[in-house]
Amino acid sequence: SRLEGPSTTNWMGTDDLGRDVFTRTMYGARNSLPIAVLVILFAWVFYVIEIEPSFYLQEGERARYAWDTFISQFIIGLAQGSIYALIALGYTLVYGILFMINFAHGEVFMAGAYIGFFAINAAEQSGFLESQTLLAILMTMGVAVIGSVIVAILLERIAYRPLRNAPRLVPLITAIGASITLQQL
């Protein structure tokens, strides 16, 4: 059958199934280039931190950067990047569905963070955080998510839904006003 056996290439650069051979080989190379760059960068960081600390240290100076610092900064960067990705995903979903830029999206996100802060603070003052740490953190996250959802639903019902058929500038100005209102609250 055509799927078995070695593939041949004709004069147009396509194989017997009509696939472009050059594109297939370059696609694999394009995927491996960022990985190779990261491996080289990681190897260089390992070399500088562990093997050759005199590269960045003066005589008798103690190392300020070590693997624990690198790993903690890496985890903090992943967490921060995840937050940015969530916010960007929310903007994209709202714009893709409603065709409206929600300038108050960041404020809704921060409302959830503040609600979570007050929930964890209440758990800490009641002693529940110390006795049941994992449960308190999970409950705090749940309260923050539910609070953020409630703020978003109220904002949509009060500010955006009545303007669904209005000209595009009106919801835009309303979103800016909602953003300012939530910031001040």
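Attention in this report is confined to the structure presented alongside it. Predicted model, so just to flag it, every value in this text is computed and none were measured. Here the residue numbers are simple positions, counted from 1 along each chain's written sequence. Since the coordinates come from a predicted model, pLDDT governs what is reported: local features require at least 70, and pairs of side-chain atoms require 80 or more to be given and counted, while whole-chain, interface and lining totals use all residues. Values shown for side chains rest on all heavy atoms present in the structure; no hydrogens or waters enter the calculation.

What follows deals with the packing of helix 3 (residues 105-126) against helix 5 (residues 133-160). Geometry is summarised by axes, namely lines fitted to C-alpha atoms with helices restricted to the contacting stretch, and by angles between N-to-C directions that run from 0 to 180 degrees. Here a strand is any run of E in DSSP of at least two residues, a helix any run of H or I of at least four, and the numbering for each starts at the N terminus. At a minimum axis distance of 8 Å, the contact between helix 3 and helix 5 shows a crossing angle of 145°. When the axes of helix 3 and helix 5 are compared, the crossing they make is right-handed. Between helix 3 and helix 5, the contacting residues are V108, F109, A111, G112, I115, G116, A119, I120 and A123 on the first element and A136, I137, T140, V143, A144, G147, S148, V151, A152 and L155 on the second. Classifying every residue of the contact of helix 3 with helix 5 by side-chain character gives 14 nonpolar, five polar and no charged. By definition, turning the near helix anticlockwise from the far helix through less than a right angle yields a left-handed crossing, and turning it clockwise yields a right-handed one. Should any heavy atoms of two residues lie within 4.5 Å, those residues are considered in contact. Each residue receives one of three labels: charged for Asp, Glu, Lys and Arg, nonpolar for Ala, Val, Leu, Ile, Met, Phe, Trp, Tyr, Cys and Pro, and polar for the others, Gly being one of them.

Space inside and on the surface of the protein is sampled on a 1 Å grid over the protein atoms alone, with a cavity defined as a set of points where a 1.4 Å probe fits but cannot get out and a pocket as an open set with protein on both sides within 12 Å along at least 5 of 7 lines; lining residues have an atom within 4 Å of a point. Grid points are joined across faces, edges and corners, and a volume is the space filled by probe spheres set on the points. Estimates place the volume of the largest pocket at around 870 Å³. In terms of lining residues, the largest pocket is bounded by 26 residues, among which H105, V108, F109, S148 and V149 are the most central. When residues of the lining of the largest pocket are traced back to their parent elements, those giving at least two are helix 2 (67-98), helix 3 and helix 5. Among the elements that line the lining of the largest pocket, the one with the most residues is helix 5, at ten residues. A breakdown of the residues in the lining of the largest pocket according to their chemical character gives 19 nonpolar, six polar and one charged. Approximately 250 Å³ is the volume attributed to the second largest pocket.

Attention now goes to a nonpolar patch on the surface. Each patch is built from salt-bridge-free residues with over 30% relative accessible area, joining like charges within 9 Å and nonpolar side chains (Val, Leu, Ile, Met, Phe, Trp, Tyr) within 5 Å. To measure how exposed things are, a 1.4 Å probe is used in the Shrake-Rupley method; for residues, cover is taken only from the protein chains shown. When a carboxyl oxygen of Asp or Glu is within 4 Å of a side-chain nitrogen of Lys or Arg, the pair counts as a salt bridge. On the surface, a cluster of nonpolar side chains totalling about 770 Å² of accessible area is made up of I83, Y84, L86, L89, L93, I97, L98 and F109. If you tally residues by element for the nonpolar patch, the top one is helix 2, at seven residues. Within the element layout of this structure, L86 appears in helix 2.

This paragraph deals with the packing of aromatic side chains. Each Phe, Tyr or Trp ring (for Trp, its six-membered ring) is paired with any other whose centre lies within 6.5 Å, and the angle between the two planes then decides the class: stacked below 30 degrees, edge-to-face above 60, tilted in between. Under the defined criterion, the tally for this structure stands at two aromatic pairs. With a centroid separation of 6.4 Å and 80° between ring planes, the pair formed by Y95 and F99 is classed as edge-to-face. Here the term buried applies to any residue with accessible area under 20% of the maximum for its type, exposed to any over 50%, and partly exposed to those in between, with areas from a 1.4 Å probe on protein chains only. Given a relative accessible area of 39%, Y95 falls into the partly exposed group. Judged by its relative accessible area of 53%, F99 is exposed.

Quick look at helix 5 now. To estimate the expected span of a helix, count its residues, drop one, and scale the result by 1.5 Å. With 28 residues, helix 5 extends 39 Å between its outermost C-alpha atoms, agreeing within 8% with the 40 Å of an ideal straight helix rising 1.5 Å per residue. Of all the positions in helix 5, only A136, T140, A144, G147, S148, L155, E156, A159 and Y160 are classed as buried. Where helix 5 is buried, its residues meet helix 3, helix 4 (128-131) and helix 6 (169-184).

Take the nonpolar core next. Here, the term nonpolar core denotes a set of buried Ala, Val, Leu, Ile, Met, Phe, Trp, Tyr and Cys residues that are joined through side-chain atoms within 4.5 Å. Of all hydrophobic cores here, the largest spans eight residues; its members are M100, A104, V108, L155, A159, Y160, A175 and A178. Secondary structure elements with two or more residues in this core: helix 5 and helix 6. The element best represented in this core is helix 5, accounting for three residues. Setting aside residues up to four positions removed in sequence, V108 forms contacts with S148, V151, A152, L155 and L182.

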